[in-house]
Every structure is written in C-alpha cells, then in structure tokens.
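# Topology and contacts: notes
Below are the chains, spelled out letter by letter.
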Amino acid sequence: MKRATLNIKLIIKIIGSLLVIESVFIMLTSLVAVIYRENDWQYFLGTGIPAALLGFLFIFRGKNAPREIGRREGTIIVTLIWIVFTLVGVIPFWVSGTIPSYTDAFFETMSGFTTTGATMMDNIESASYSMLFWRALTHWIGGIGIIVISLALLPMFGFSGMQLFGFESTGPTKDKLHPKITGTAKRLMFIYLTLTVVLTILLYFGGMNWFDAICHAFSTIATGGFSTKQASIGYWDSAYIQYIIIIFMILSGVNFSLYYYAFNKKIDKVRRNEELRYYIGIMLLFAILAMLGLIDFNMSQTFKSVELEFREALFQISSIMTTTGYSTVDYMIWKPFTWIVIIMAMLIGGSAGSTTGGIKVVRIVIVLKYCYYEFKRIIHPNAVIPVMYNRTALKNDVVTRVLAFTMLYIGIAFFGSLILCISGMDIIESIGAMVSCQGCVGPGFGLTGPAGTFLQIPTFSKWFLSFVMLIGRLELFTVLLLFTPVFWRK
C-alpha cells in the first residue's frame with residue numbers, strides 16, 4: 001500500500017502557532033516573579049522569548065500550507081503539542097534548579113499539563129512564588145485542553161480546527177455547543193474561566209491569601225492537584241475550605257456542556273443526563289463505603305467525629321474520582337478495604353467532556369447496560385434490544401468503541417503495572433502508580449501515596465509513567481494510533 005502524504009507544512013505551522021501561545025503564558029509568569037521581587041523572571045523570559053521566536057519561525061516555515069487538516073495531521077498535532085509544551089515548559093524548573101534533575105523536571109511538567117498532579121517535589125514551600133504559579137498554571141492550561149484553549153485563538157493565525165477538537169475532546173459522544181467549532185471552544189473557555197474566578201474568591205474569603213487561592217483554583221478546576229503546600233489542602237485544617245474544594249472538584253468533574261445547557265435554560269437536558277446521575281450516585285456510594293471503613297464501631301460516635309469522618313471520606317473520594325489528587329489525610333493508614341474503593345474510583349474517573357481522567361462514567365454505564373441487555377438477549381434470543389443511553393438507542397459502532405476502549409484501558413493498566421514491577425517497584429506501588437498516572441489522578445499507593453512523592457521510583461519508571469500520563473490524557477487511541485503501521489498507509 002502507498003504511504004500517505006502528510007501535510008508537513010501545516011503541522012509545522014500549527015505547532016508554531018501553539019508554541020507562540022505557550023510562550024505568552026510563560027512570559028506572563030515572569031510578572032509574578034517581579035511582583036514578589038524574585039530573580040526567577042529571567043528564567044521565564046529566557047524561555048518564553050526564544051519559544052516565541054521559534055514559534056514564529058515555524059509559522060513562517062509553514063506559510064501557504066494547505067489549510068485542510070486530515071485525520072493523520074490531527075492525530076500528530078494533538079500528540080506532538082503536548083510533548084512540545086512539556087519540552088518547553090520544563091526549562092524554567094530545570095535551569096533554575098527548582099528541580100535539578102531533567103528527568104524529574106520533565107515528569108513534573110508532563111504531570112502538570114496532563115493534570116495528573118503526581119509530583120517529584122518533596123519540599124514544595126522552598127520553591128519560589130513564580131515557580132509554584134507556573135506549576136499550577138500548567139494544570140490550568142492542560143485542564144480545559146491545550147487544543148480547546150488554542151481553538152479560540154487559532155483563527156488569528158488563519159485557520160480553524162474541527163479535526164483537532166475531535167481528537168482532544170473526550171468521551172464516546174461529543175456535544176457541539178455552537179455551529180462553529182471556535183464558538184464551542186469559546187463557550188467552554190468562558191465556563192472554565194468563570195468557575196476559576198468564583199472558586200478563587202471563595203477560597204480567599206475562606207482564609208487563603210490571593211496567591212494560594214489562585215493557584216488552588218487553577219489546580220481544582222483543572223482537576224490537577226498541585227498545591228502550594230507539601231501537606232496539600234490538609235495544611236489549612238479548615239472545614240470551609242475543604243467543603244468548598246469538594247464542591248468545585250465535583251463541579252469540575254461534570255460534563256461542561258451541561259453548564260451551557262443550564263445557562264440557556266435547557267434544564268431538561270441536565271435533568272435527564274444519565275451520566276450526571278450515575279456520577280453523583282457512584283461518588284456518594286464510594287464516600288459512604290470509605291466512611292464505613294473509617295468508623296470505629298467499638299467507640300461511641302459524636303456528631304463532630306462522624307462529620308469529620310464523612311468529610312475526610314468525601315474529600316478523598318471526590319478528589320480521587322475527579323482525578324484531582326488533593327489530600328487532607330494519608331489514606332494509606334486507612335483500612336485496606338478502602339484501598340479497593342479508591343482503586344475503583346481511580347479507574348472510573350469523572351464525566352466525559354470534563355477535565356477529569358479515568359475510563360469515564362459514561363463508558364462504565366454503557367458497559368454495564370450492555371452486560372445487562374446481553375442477559376436479556378439470552379433469555380429472548382429473537383428480540384432486538386439496543387443499548388439505550390439518555391433515551392437514545394446507541395449505534396453498534398459506538399458500543400463497540402466503548403467496549404474496546406474499556407478492555408484496552410484495563411489491559412494497559414495490567415501490563416503497565418507488570419512493567420513497573422520489573423523495573424524494581426513494589427507490587428502495590430506499581431499498581432497504584434500505574435492506575436493513578438493512566439487516569440491522571442496523582443497520588444498512588446505506598447511511597448507514591450498522598451504522604452509521599454514519585455521522587456524515589458526508578459528513572460525508567462519516571463519516563464515510562466510520563467508516557468502513560470500522555471496516553472491517559474489523550475484517551476489511549478490518539479497516541480497509540482501513531483504506533484500502528486495502518487495509520488501511516490492510505
């Protein structure tokens with residue numbers, strides 16, 4: 001078969017355009033260094049200016065490229081841009097010595113952009129304000145999706161990006177909120193920005209300073225989990241802050257299109273959304289199970305102790321299931337029964353069309369319905385029983401893709417855990433780290449749990465998990481397609 005001709009010039013042009021956008025974010029971070037009178041502004045300007053020049057060079061090199069984006073070009077661009085953003089974003093951390101090891105700095109930056117939140121830093125408070133701000137900003141940029149952010153800006157460079165949106169947005173179905181894809185991107189960005197601003201204000205009135213409030217708003221709405229404190233949210237020991245973050249983690253795990261429908265008074269679309277009901281139901285069920293694992297039934301329970309146990313359980317489950325990764329306690333000291341609940345929450349994740357990772361609730365619902373209907377088909381072999389979702393019969397190809405994705409996701413988690421074991425990690429740590437990074441959750445088990453970091457794992461494991469975070473963030477197929485011979489043929 002003939003090799004497909006790639007539109008290389010278009011790929012270079014779009015990568016250059018997105019690189020210019022990243023350089024703007026980097027240079028803006030230098031203002032934080034100036035505000036706090038830090039010398040780190042030089043690292044951000046020293047990174048941002050060359051990145052901008054390189055971006056414009058790429059744009060010039062791609063001048064007059066055909067503007068149509070094919071499937072191959074879309075896949076390559078979406079995958080490459082996350083790698084390019086990481087390669088550029090790592091420079092301030094590494095050159096400044098904030099994270100001296102390039103491997104560790106690359107892992108931290110990839111963890112930021114993919115909103116994983118797994119960290120290499122074991123003394124977060126020692127980092128400068130500007131470095132902590134950039135660390136949180138990588139979450140915010142990656143949370144809504146680098147491509148979705150860029151879609152609102154790409155018309156300035158002369159083209160749109162429906163194909164890019166198709167590869168960036170998650171879930172078996174995609175809601176188009178506006179006839180033009182740039183309109184959809186702008187509406188998603190408005191919702192994202194609004195949630196960020198509201199949460200920042202609420203956290204400030206809860207006792208955080210403006211810097212901590214902004215950084216935690218970035219991390220929460222992006223469901224990332226990077227904190228400005230080593231003890232994460234547990235640093236503040238505030239019920240108000242914890243409940244506010246719980247609420248906004250849950251809100252960030254909801255399909256963003258539902259906010260648009262609610263704003264336009266299409267309440268029926270929100271009320272009838274099956275994924276939303278299952279998402280809330282599963283989270284509450286897991287929180288209750290975790291709470292039961294915390295209760296000491298041999299001691300009399302006061303209202304205060306029950307409330308604390310409920311809050312700790314709900315916080316950790318909402319943090320894990322929305323793949324945010326914040327912590328208020330070390331769940332490794334909980335009963336092993338709760339670890340199973342946590343693993344299940346890591347695997348399921350949040351809603352499609354949100355900033356969360358994991359398999360996604362909609363896929364779990366479709367798989368369970370398929371299994372249930374298969375029992376009915378055995379009893380009634382001549383009956384035609386389609387899988388229904390949101391009162392609509394799903395096409396067979398949609399159900400097939402969901403089943404294939406779920407099987408592939410679990411298979412990768414299994415074999416990835418095996419690879420981590422071979423690399424020298426403990427079995428519990430391997431499973432926790434693999435499931436966590438694949439689902440973009442953050443903390444795992446053992447040394448990589450909420451009280452630890454990924455600093456001590458083998459170097460090979462760090463690079464392997466960096467790749468795992470990438471494929472997890474782009475939902476497997478987008479990246480793995482590049483490794484199939486058929487992708488490169490007509």
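Before reading further, recall that the structure is shown in the block above.
Residues numbered from 1 in each chain as written. Predicted model: local features only at pLDDT ≥ 70, side-chain atom pairs only at ≥ 80, totals over all residues. Heavy atoms only, no water.

### Quick look at helix 18 (residues 427-438)
The α-helix winds at 3.6 residues per turn, so residues separated by three or four positions along the chain end up facing the same way. Condition: Only DSSP runs of H or I with at least four residues qualify as helices, and only runs of E with at least two residues qualify as strands; both kinds are numbered from the N terminus onward. Expected span of a helix, by definition, is 1.5 Å for each gap between consecutive residues, and there is one gap fewer than residues. Accessible area is worked out with a 1.4 Å probe on protein chains only. A residue is then buried under 20% of its type maximum, exposed over 50%, and partly exposed in between. Note on definitions: a residue-residue contact is assigned when non-hydrogen atoms from the two residues lie within 4.5 Å.
Given a rise of 1.5 Å per residue, twelve residues ought to cover 16 Å, and the 16 Å separating the end C-alpha atoms of helix 18 matches this to within 8%. Within helix 18, nine of the twelve residues are buried, which leaves the element mostly enclosed by the surrounding structure. Taken as a whole, helix 18 has its buried residues at Glu 429, Ser 430, Gly 432, Ala 433, Met 434, Val 435, Ser 436, Cys 437 and Gln 438. Packed against the buried residues of helix 18 are helix 15 (336-348), helix 17 (396-422) and helix 19 (459-473).

### Comments concerning the nonpolar core
Note the cut-off: As used here, the term nonpolar core means buried Ala, Val, Leu, Ile, Met, Phe, Trp, Tyr and Cys residues forming a set that is joined through side-chain atoms within 4.5 Å.
Of all hydrophobic cores here, the largest spans 138 residues; its most connected members are Trp 134, Phe 454 and Leu 465. The residues contacting Phe 454, other than those within four sequence positions of it, are Phe 107, Ala 118, Thr 119, Met 120, Ala 433, Cys 437, Gly 442, Thr 448, Lys 462 and Leu 465.

### Brief notes about the packing of helix 3 (residues 71-96) against helix 4 (residues 102-113)
Counted only if it meets this: An axis is simply a line fitted to the C-alpha atoms; with a helix, the fit covers only the stretch in contact. Between two such axes, the angle follows the N-to-C directions and lies from 0 to 180 degrees. In this scheme, roughly parallel covers angles under 35 degrees and roughly antiparallel covers those over 145, while 65 to 115 is roughly perpendicular and the rest are oblique. With the far helix as reference, a near helix turned anticlockwise by less than a right angle produces a left-handed crossing, and one turned clockwise produces a right-handed crossing. For this classification, the nonpolar set comprises Ala, Val, Leu, Ile, Met, Phe, Trp, Tyr, Cys and Pro, the charged set comprises Asp, Glu, Lys and Arg, and every other residue, Gly included, is treated as polar.
Here helix 3 crosses helix 4 at 125 degrees, and the two axes come no closer than 8 Å. The angle between the axes of helix 3 and helix 4 places the two elements in the oblique class. The chirality of how helix 3 crosses helix 4 is right-handed. When helix 3 is examined against helix 4, the residues Trp 82, Phe 85, Thr 86, Leu 87, Gly 89, Val 90, Phe 93 and Trp 94 are found in contact with a partner set consisting of Tyr 102, Ala 105, Phe 106, Thr 109, Met 110 and Phe 113. For the contact of helix 3 with helix 4, the per-class residue count stands at eleven nonpolar, three polar and no charged.

### Examining the side chain of Lys 360
Convention followed: Contacts described as polar in this section are N or O atom pairs within 3.5 Å, which, within protein, must combine one atom able to donate a hydrogen with one able to accept it, while residues neighboring in sequence count only if both atoms come from side chains.
Topologically, Lys 360 is positioned in the loop between helix 15 and helix 16 (361-379). There is a polar contact of 3.0 Å between the side chain of Lys 360 and the side chain of Glu 475.

### Side note on the packing of aromatic side chains
Threshold: Ring pairs shown here join Phe, Tyr and Trp side chains whose ring centres sit within 6.5 Å, with only the six-membered ring taken for Trp; geometry is labelled stacked below 30 degrees between planes, edge-to-face above 60, and tilted in between. Whether a charge sits over a ring depends on NZ of Lys or CZ of Arg being within 6 Å of the ring centre and within 35 degrees of the ring normal.
Under the criterion given, the structure shown has 27 aromatic pairs. Judged by centre distance (6.3 Å) and plane angle (35 degrees), the rings of Tyr 102 and Phe 106 are tilted. Placement of the pair is Tyr 102 and Phe 106 together in helix 4, with a separation of four residues, close to one helical turn. Accessibility expressed as a relative area gives 8% for Phe 106, which makes it buried. Plain terms: the ring middles of Tyr 129 and Phe 211 are 4.9 Å apart, the flat faces sit at 85 degrees to each other, and that makes the pair edge-to-face. Taken together, the positions of Tyr 129 in helix 5 (residues 129-143) and Phe 211 in helix 9 (residues 210-221) put the pair 82 residues apart, joining distant regions of the chain. Residue Tyr 129 is classed as partly exposed on the basis of its relative accessible area of 38%. For Phe 211, a relative accessible area of 8% gives the class buried. Through successive ring pairs, a cluster of aromatic residues spans Phe 133, Trp 140, Tyr 192, Phe 218, Phe 256 and Tyr 259. Over the ring of Phe 226 we find Arg 135, and its NZ or CZ is 3.9 Å from the ring centre.

Limitation: the analysis is restricted to geometry and does not speak to function.
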